[in-house]
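Analysis of the macromolecular model
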Amino acid sequence: MSENCKGKASVSAALDMTPYIDAVRAFSDARTCKPRCFVLTFGCQQNVADSEKLAGMAENMGYEIVDAPEGADLILVNTCAIREHAEQKALSAVGQYKHLKEKNPALIIGICGCMVAQEHRREEIKKSYPYVSFVLCTSVIYRLPQYLFEVMEKGKRILRGEEEHTVAEGAPIRRESTYRASVSIMYGCNNFCSYCIVPYVRGRERSREPAAIIAEVKDLVAKGYKDITLLGQNVNSYGKDRTDGYAFPQLLADLDKIEGDYTLHFMTSHPKDATRALVDVMAESRHVAHSFHLPLQAGSDRILTLMNRHYDRAKYLDILDYMREKIPDISVTSDIIVGFPTETEAEFEETLEMLRRARFDMIYSFIYSPRKGTPAASMEGQIPHEVSAARMNRLLALQNEIAEAANKRLVGKTVRVLSEGVSKTDATTYTGRTDQNKIVFFKEPVMEGEWALVKIDRAAAFALWGEVEKS
Ligand code: SAH
Ligand code: SF4
Ligand code: F3S
């Protein structure tokens, strides 16, 4: 495991990139046509947000952002390392760009994101992917102009890890949507759940200044953004690195004061740190959506201890019950890992029992994937894939029943939906999401990015159908 991202967080001002931006722009301007940049993104919303910064910086240096790799002059692959499959997908995408580099030797390929913070992956890229020009760790993504300049000017490969963990403000952001946006409020994670690679690849927790976050959200609301998600690996840790005690519930309350027509979401919350004070702020707020993502991971106390999660079933249910009491229409979603090392059949059944008790609206479920360098990867008692896969099928079957029952309770009710325009799979249908993030289909045309009130007449586990009452 690389030590790169284990160091203490330092919050410092980012280096000024202006000279590099100007130099790369000069390269771009000297060409007869605008150079093109393609960004491919894997992983979570944090990576999606980072990709918007990568594209913003590239645009700022004179690149046109394109949606296909063919014909691009710069390809940035933003990778995820959360499971083996995610890394394999990213590496296979990079493999497919080899022929593009052969056709166009001036093409620059850079690999960004969580995967390249691991030394063994950088070694692999160095040896097996010689056509990759640079790797860029998430903690220094604001340095893209510098890396590009060095590759262009010196023609050298850059394959170093980074020790620096900054909160870099001011990178231009090229937002994908005109009505839905995410805002990172903090970076990194201090929790070291025993299965998880994130603390090693994203470094220690560091919070952005409240004023910077508030200004960004204000600006988004003023530009007409309707759905804003605050991002962090554990948003409940927001502010723990500050000395004035300003914490996440306060930030949420301050953001809620911003006037405008918008909804606030946040993710992710760690059950050990989710507090009643936060639920109270949500209950009293005007803009915070009644939805909560609270990853349970497992239903057995012994497994939760082995996972280093620092809560048990009782503590989890305590905060869950409080949420449901204070905000009766709240939608709660969760993450579950099946087949954690040593998980017995009886312990897996405890997870099923928790699902029945918690009645999640939706879950994201994963088969445990050993991550090199994490404690769980070297535990005795790794579970064979067939056993985990069979458990996963049972988990999904049960969750389908629960989600369907939860959605059926909405039949006959009117919900507010943010339209996403015409459905990608059926040109005669429109689609959108409720404040609780549920997918709704309807026939009446409602422009993308506009709210509509939809009366639900049919429900399944993953979607709702209805008629627009008012838009
Ligand atoms: N910070 C968030 C989650 C980030 S990762 C949190 O603490 O909840 C998203 C999800 O991926 C995790 O909640 C977990 O369920 C899953 N995950 C993380 N590491 C994994 C691994 N090694 N194998 C399988 N799933 C994993
Ligand atoms: Fe990973 Fe745990 Fe941190 Fe979430 S809280 S990112 S699961 S270490
Ligand atoms: Fe993947 Fe990194 Fe997110 S490992 S899940 S992209 S924080």
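Our structure's up above, just so we're on the same page.
Residues numbered from 1 in each chain as written. Chains lettered and ligands numbered in written order. Predicted model: local features only at pLDDT ≥ 70, side-chain atom pairs only at ≥ 80, totals over all residues. Heavy atoms only, no water.

Details of the side chain of Thr-333
- Looking at the element boundaries, Thr-333 is found in strand 12 (residues 331–338).
- When neighbours within four sequence positions are excluded, Thr-333 is seen to be in contact with Phe-292, His-293, Leu-294, Phe-360 and Met-362. (Helix = DSSP H or I, 4+ residues; strand = E, 2+ residues; numbered from the N terminus. Contact = heavy atoms within 4.5 Å.)

Here's the deal with the site of ligand 1
- Among the 15 residues in the neighbourhood of ligand 1, the closest are listed as Gln-233, Pro-295, Gln-297, Asp-335 and Ser-369.
- A distance of 3.0 Å separates a nitrogen atom of ligand 1 from a polar backbone atom of Tyr-195.
- Within the side chain of Asp-335, a nitrogen or oxygen atom sits 2.6 Å from an oxygen atom of ligand 1.
- Against a free-state accessible area of 540 Å², the protein chains account for coverage of 90% of ligand 1.
- When residues of the shell around ligand 1 are traced back to their parent elements, those giving at least two are strand 12 and strand 13 (362–367).
- Residue classes in the shell around ligand 1 are distributed as seven nonpolar, four polar and four charged. (Near = heavy atom within 4 Å. Polar contact = N/O pair within 3.5 Å; in protein donor to acceptor, adjacent residues only side chain to side chain. Areas by Shrake-Rupley, 256 points an atom, 1.4 Å probe, with all protein chains shown as cover. Nonpolar A, V, L, I, M, F, W, Y, C, P; charged D, E, K, R; others polar.)

Description of the layout of surface pockets
- Put simply, the second largest pocket is a space of about 600 Å³.
- As for the second largest pocket, its lining consists of 26 residues, of which Pro-328, Asp-329, Ile-330, Leu-410 and Gln-436 are closest to the centre.
- If one sorts the elements of the lining of the second largest pocket by residue count, strand 14 (residues 414–422) sits on top with three residues.
- Its residues placed into classes, the lining of the second largest pocket shows nine nonpolar, seven polar and ten charged. (1 Å grid on protein atoms, 1.4 Å probe; cavity = no way out; pocket = protein on both sides within 12 Å on 5 of 7 lines; lining within 4 Å. Points joined across faces, edges and corners; volume = space filled by probe spheres on them.)

A short note on the pairing of strand 1 (residues 36–41)
- Here strand 1 pairs with strand 2 (residues 64–66) via three bridges, running parallel. Residue pairing in the sheet places Cys-37 in a bridge with Ile-65 of strand 2.
- Following the backbone out of strand 1, through helix 2 (residues 45–60) and into the adjacent parallel strand 2, one traces a crossover that is right-handed.
- In terms of strand pairing, strand 1 meets strand 3 (residues 74–79) through five bridges, oriented parallel. Note that in strand 3 the partner of Phe-38 across the bridge is Ile-75. (Pairing = 2+ DSSP bridges. Right-handed = clockwise from strand over helix to strand, strands pointing away.)

A closer look at the site of ligand 3
- Surveying the vicinity of ligand 3 reveals the residues Cys-44, Asn-47, Cys-80, Ala-81, Ile-82, Cys-114, Arg-202 and Gln-233.
- Split by residue class, the shell around ligand 3 holds five nonpolar, two polar and one charged.

Some details on the environment of Glu-119
- Its place among the elements puts Glu-119 in helix 5 (residues 119–128).
- Residue class for Glu-119 comes out partly exposed when judged on its relative accessible area of 43%.
- A sequence separation of 174 residues divides Glu-119 from His-293, and the C-alpha atoms of the two residues are 32 Å apart. (Buried < 20%, exposed > 50% of the residue type's maximum accessible area, 1.4 Å probe, protein only.)

Examining the packing of helix 10 (residues 276–284) against helix 12 (residues 313–326)
- In contact at an axis separation of 10 Å, helix 10 and helix 12 are set at 20° when each is read in the N-to-C sense. In terms of axis orientation, helix 10 runs roughly parallel to helix 12. Read as a crossing pair, helix 10 and helix 12 show a hand that is right-handed. Note on element contacts: helix 12 touches helix 10 through Asp-318, Ile-319, Tyr-322, Met-323 and Lys-326, opposite Arg-276, Val-279, Asp-280 and Ala-283.
- Here the residues of the contact of helix 10 with helix 12 sort into five nonpolar, no polar and four charged. (Axes fitted to C-alpha atoms, helices over the stretch in contact; angles between N-to-C directions. Parallel < 35°, antiparallel > 145°, perpendicular 65-115°, else oblique. Left-handed = near helix turned anticlockwise from the far one by under 90°.)

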